[in-house]
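Report on the structure
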Amino acid sequence: PPAPAPPLPPPPGISRPAAAHAASVLASHMGTDTSRWRHWLHAMGAVGCARDLAVLLPLSPPLPVDSAGPTLHPNPQPGFPSPSASPYEVALCLLVTEEPGTALGMLRRWPAALWREPIVRKAAVAALSARTRTSRGGAAPPDGMCSFPSVGAAAVSVSKSGALTSTSEITSSAGENAPSAAEVASSAGEIASPAGEIASSAGEIAPFGGEAESALTEFLAVLAQSRGDAPEAVALLLCLPPPRSLAAFDLLRGDASLARSQVGRLCVADWPLTLQLLLEEADAALPPSEVVPQLQEAKSDPPGLWLHEYLDGLFTLGSPTSLPFHHLQPSLYASHAPGRLLAFLRASEAYRPDQALAEARRVADVDSQAFLLCMMGRHPQALALLLDGSRLPSAAIDFAASAHDPQLWPLLLDRAMGSPDLLHALLARLRVSPPPGLDPLALLRRLPDAQALPQLRPTLLAVLRQAGARTAVLEAAVAAAEADRADAIARRHAALCAGVVVEPEG
């Protein structure tokens, strides 16, 4: 069908203030005559001034319901209200074409009892379809563009509230000259998709280009809420550009399960709010098994950032639901938070060490590589990596002490003979406290004879003092054991003399 004509501006000689004055005069004379209100709303709408009279409609008390009166509109546009529509419905149906933003404000302010959702929705669907065809020249929505799901839902008479059950009811509610359901679906192109079957990929949703389209989409979302169709309302709100799309989060706080198929679009709307929602509901309405695949397809900047922050949040919270996805995290940490890779590797065991080692090598993380090599039993390679890398000699000494591998100390001493820095670090450690497993005598015997070593004398004195202290401790321990042995013998003798049978323990 041909595109409907745009709303007419006020005729020459009728300014906006004059139109507002005329509406005020009309309102003062019509009182509660419902038929006359309907009549003059049509008349004002014919010249693009429906708003001036609509804002004066009485709300408390509202106009009474009467029988249908004549309409002044000779050729109703698609979605135009039927003669049986109330003045409030006439006003909303006119304003969705004339001034969608004003229509949205009135819909929010007016009590739901003043309008019937199917009639108003039909007009909004037709107005949005017409604007979409006009703005795109009749072309189908581009890839990734939100496809106005409610248009198609209305065209095929999908009403979960039960208000409409057949195409004929929709057509009759729109007037005899309204297009059929097939015509609306055809004129909408790819728009005829139910809200639950949006073809746009997650992360590729583009906001509407015009304020009018956004207002109409939000208008349809409010109608969806009024009929209890929360999934459709969320889908429509997420088509809006921020910050208008943030209203979807208010609905999700009441029922987070509505976000199960909308994760990618929520990320585009507001990632911090989405992350908070996903972490709060990870053990209930939004399990990671449903969230992770959508985050893998979402196009964040840089790629994979949303998935990393989500899994990192679960890991930080200690959620067991993240365990099946730990194998993904070494790559994510290496790409987005290399400084936290080692902490993750130490805390988790649900990953493949060989794959994690490849990621650690990709970002040149020497500490993570050494940890993984040690986990795989390749201690000599880990020690060689620490010695060859840009790490302080103390790091290699600490690693050899913590690995508890007797093969490492000879390797470390061999390298120390050719590395003054490492040798000095070993001697400095001996002066303070010998590392577990290191034999001070073995190190001192291998010191080069012809090489002047700084602090050698203090080191030897420290080793002798340590040896003396160990000898003193050993002698004190032996003396204490002898004294305890003598006391035990005396007590046993006294017990035997008293006739007590003493059996050895164990």
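The numbering scheme is per chain: residues are counted from 1 as the chain's sequence reads. Only residues with pLDDT of at least 70 are given local features in this predicted model, and only at 80 or more are side-chain atom pairs given and counted; all residues enter the totals for whole chains, interfaces and linings. Hydrogens and waters are ignored; side-chain quantities use all the structure's heavy atoms.

Here the focus is the overall build of the chain. Within the chain, the regular secondary structure consists of 26 helices and zero strands. Think of it in three bands: residues with accessible area under 20% of the maximum for their type are buried, residues over 50% are exposed, and the middle band is partly exposed, with areas taken using a 1.4 Å probe on protein chains only. Burial status across the chain gives 44% buried among its 506 residues. Every residue pair with non-hydrogen atoms within 4.5 Å of one another is taken to be in contact. Taking contacts inside the chain between residues at least 6 apart in sequence as the whole, the part at least 24 apart equals 66%. Per-residue and other accessible areas follow the Shrake-Rupley method at a 1.4 Å probe size, with only the shown protein chains counted as cover for residues. As displayed, the chain offers around 24,700 Å² of accessible surface, 58% of which is attributable to carbon and sulfur atoms. Where helices and strands are cited, they refer to DSSP runs of H or I of at least four residues and of E of at least two residues respectively, numbered from the N terminus.

Along helix α11 (residues 230-237), six of the eight residues are buried, which leaves the element largely enclosed by surrounding structure. Turning to α11, its buried residues are Glu 232, Ala 233, Val 234, Ala 235, Leu 236 and Leu 237. Side-chain atoms alone can form a polar contact between residues adjacent in sequence; in general such a contact is a pair of N or O atoms within 3.5 Å, and within protein one must be able to donate a hydrogen while the other accepts it. One side-chain oxygen of the residue at the start of α11 lies 3.3 Å from the amide nitrogen of Glu 232, identifying that residue as Asp 229.

Any carboxyl oxygen of Asp or Glu within 4 Å of a side-chain nitrogen of Lys or Arg constitutes a salt bridge here. Counting across every chain of the model gives 16 salt bridges. Its salt-bridge partner being Asp 250, residue Arg 253 comes within 2.6 Å of it at the nearest N-O pair. With Arg 253 and Asp 250 both in helix α12 (residues 247-254), this residue pair falls three residues apart, about one helical turn. Each of the two residues, Arg 253 as well as Asp 250, counts as exposed. Salt-bridge contacts for Glu 290 lead to Arg 260; the nearest nitrogen and oxygen are separated by 3.7 Å. You can see Glu 290 sitting in helix α15 (residues 288-297) and its partner Arg 260 sitting in the loop between α12 and α13 (263-269), a full 30 residues away along the chain. Overall, the relative accessible area of 33% leaves Glu 290 in the partly exposed class. Looking at Arg 260, the relative accessible area reads 35%, which means it is partly exposed. The network of salt bridges with shared partners includes Glu 117, Arg 121, Arg 227, Asp 229 and Glu 232.

In this structure, Gln 262 sits in the loop between α12 and α13. A distance of 3.2 Å separates a polar atom in the side chain of Gln 262 from a polar atom in the side chain of Arg 265. Not counting the four nearest positions on each side in its chain, Gln 262 is found in contact with Val 234, Ala 235, Leu 238 and Gln 294.

Looking at where Glu 359 falls in the secondary structure, it is placed in helix α19 (residues 353-362). A distance of 2.7 Å separates polar atoms of two side chains, one belonging to Glu 359 and the other to Arg 362. Once you skip the residues sitting within four places of it in the chain, Glu 359 turns out to touch Pro 330, Ser 331 and Ala 334.

Moving on: the environment of Leu 266. Along the chain, the position of Leu 266 falls in helix α13. Here Leu 266 falls in the buried class, since its relative accessible area comes to 0%. A sequence separation of 20 residues divides Leu 266 from Leu 246, and the C-alpha atoms of the two residues are 8.8 Å apart.

All right, on to unusual backbone geometry then. Leaving glycine aside, a negative phi is the common case for residues, and trans is the common case for peptide bonds. Here the bond from Ser 60 into Pro 61 is cis, since omega is 0°, no more than 30 degrees from zero. The residue Pro 61 is located in the loop between α3 (50-54) and α4 (87-98) in this model. With a phi angle near 55°, Ala 364 is a residue other than glycine that sits in the positive phi range. Mapped onto the secondary structure, Ala 364 falls in the loop between α19 and α20 (366-375).

As a further point, take the packing of α15 against helix α16 (residues 305-317). Relative orientation of the contacting elements α15 and α16 amounts to 155°, with a least axis distance of 9 Å. Classified by the interaxial angle, the pair formed by α15 and α16 is roughly antiparallel. Where α15 approaches α16, its residues Pro 288, Val 291, Val 292, Leu 295 and Gln 296 are matched on the opposing element by Trp 306, Leu 307, Tyr 310, Leu 311 and Leu 314. By the convention adopted, Pro, Cys, Tyr, Trp, Phe, Met, Ile, Leu, Val and Ala count as nonpolar, Lys, Arg, Asp and Glu as charged, and the other residues, Gly among them, as polar. Looking at the contact of α15 with α16, its residues break down into nine nonpolar, one polar and no charged. Geometry is summarised by axes, namely lines fitted to C-alpha atoms with helices restricted to the contacting stretch, and by angles between N-to-C directions that run from 0 to 180 degrees. In this scheme, roughly parallel covers angles under 35 degrees and roughly antiparallel covers those over 145, while 65 to 115 is roughly perpendicular and the rest are oblique.

The next thing to look at is the environment of Thr 321. Examined against the element boundaries, Thr 321 turns out to sit in the loop between α16 and α17 (329-336). Along the primary structure Thr 321 and Leu 311 are separated by ten residues, whereas in three dimensions their C-alpha atoms are 9.9 Å apart. For Thr 321, the side chain forms a polar contact with the side chain of Ser 319, separated by 2.6 Å.

Aromatic ring pairs are reported here in terms of the distance separating the ring centres and the angle at which the planes meet. By convention, a stacked pair of Phe, Tyr or Trp rings (six-membered ring in the case of Trp) has centres within 6.5 Å and planes under 30 degrees apart, an edge-to-face pair has planes over 60 apart, and any other such pair is tilted. In total, this model carries five aromatic pairs according to the counting rule given. Here the aromatic rings of Trp 271 and Trp 306 are separated by 5.6 Å at their centres, their planes lie at 25°, and the arrangement is stacked. Taken together, the residues span a long stretch of sequence, with Trp 271 in helix α14 (residues 271-280) and Trp 306 in helix α16 at a distance of 35 residues. The exposure class assigned to Trp 271 is buried, which follows from its relative accessible area of 11%. A relative accessible area of 12% means that Trp 306 is categorised as buried.

Their axes nearest at 10 Å, the elements α14 and α16 cross at an angle of 40°. By the angle between their axes, α14 is oblique relative to α16. Here the hand of the crossing between α14 and α16 comes out right-handed. Contacts from Trp 271, Leu 275, Leu 278 and Leu 279 in α14 reach Trp 306, Glu 309, Tyr 310, Gly 313, Leu 314 and Leu 317 in α16. Residue composition of the contact of α14 with α16, by class: eight nonpolar, one polar and one charged. Note on convention: the crossing is left-handed when the near helix lies turned anticlockwise from the far helix by less than a right angle, right-handed when the turn is clockwise.

Moving on, we come to the confidence of the model for the chain. Along the chain, pLDDT gives the predictor's confidence residue by residue, from 0 to 100. With 76% of its residues at a pLDDT of 70 or more, the chain shows a mean pLDDT of 77. Across the chain, the secondary-structure element scoring lowest on mean pLDDT is helix α8 (residues 167-173), at 31, and the one scoring highest is α17, at 96. In the predicted structure, residues 147-208 sits below a pLDDT of 50 and forms 121 contacts with residues beyond four places in sequence or in another chain.

For the purposes of this section, nonpolar cores are sets of buried Ala, Val, Leu, Ile, Met, Phe, Trp, Tyr and Cys residues that join through side-chain atoms within 4.5 Å. One finds Trp 110, Phe 219, Leu 295 and Tyr 310 to be the most contacted residues of the largest nonpolar core, which totals 79 residues. Sort the elements by how many residues they give to this core and α4 lands first, with eight residues. When near neighbours in sequence (up to four residues on either side) are disregarded, Phe 219 contacts Leu 92, Val 96, Ala 103, Leu 104, Leu 107, Val 120 and Ala 124. By size, the runner-up hydrophobic cluster in this structure holds 40 residues, among which are Tyr 333, Leu 386, Leu 443 and Leu 447.

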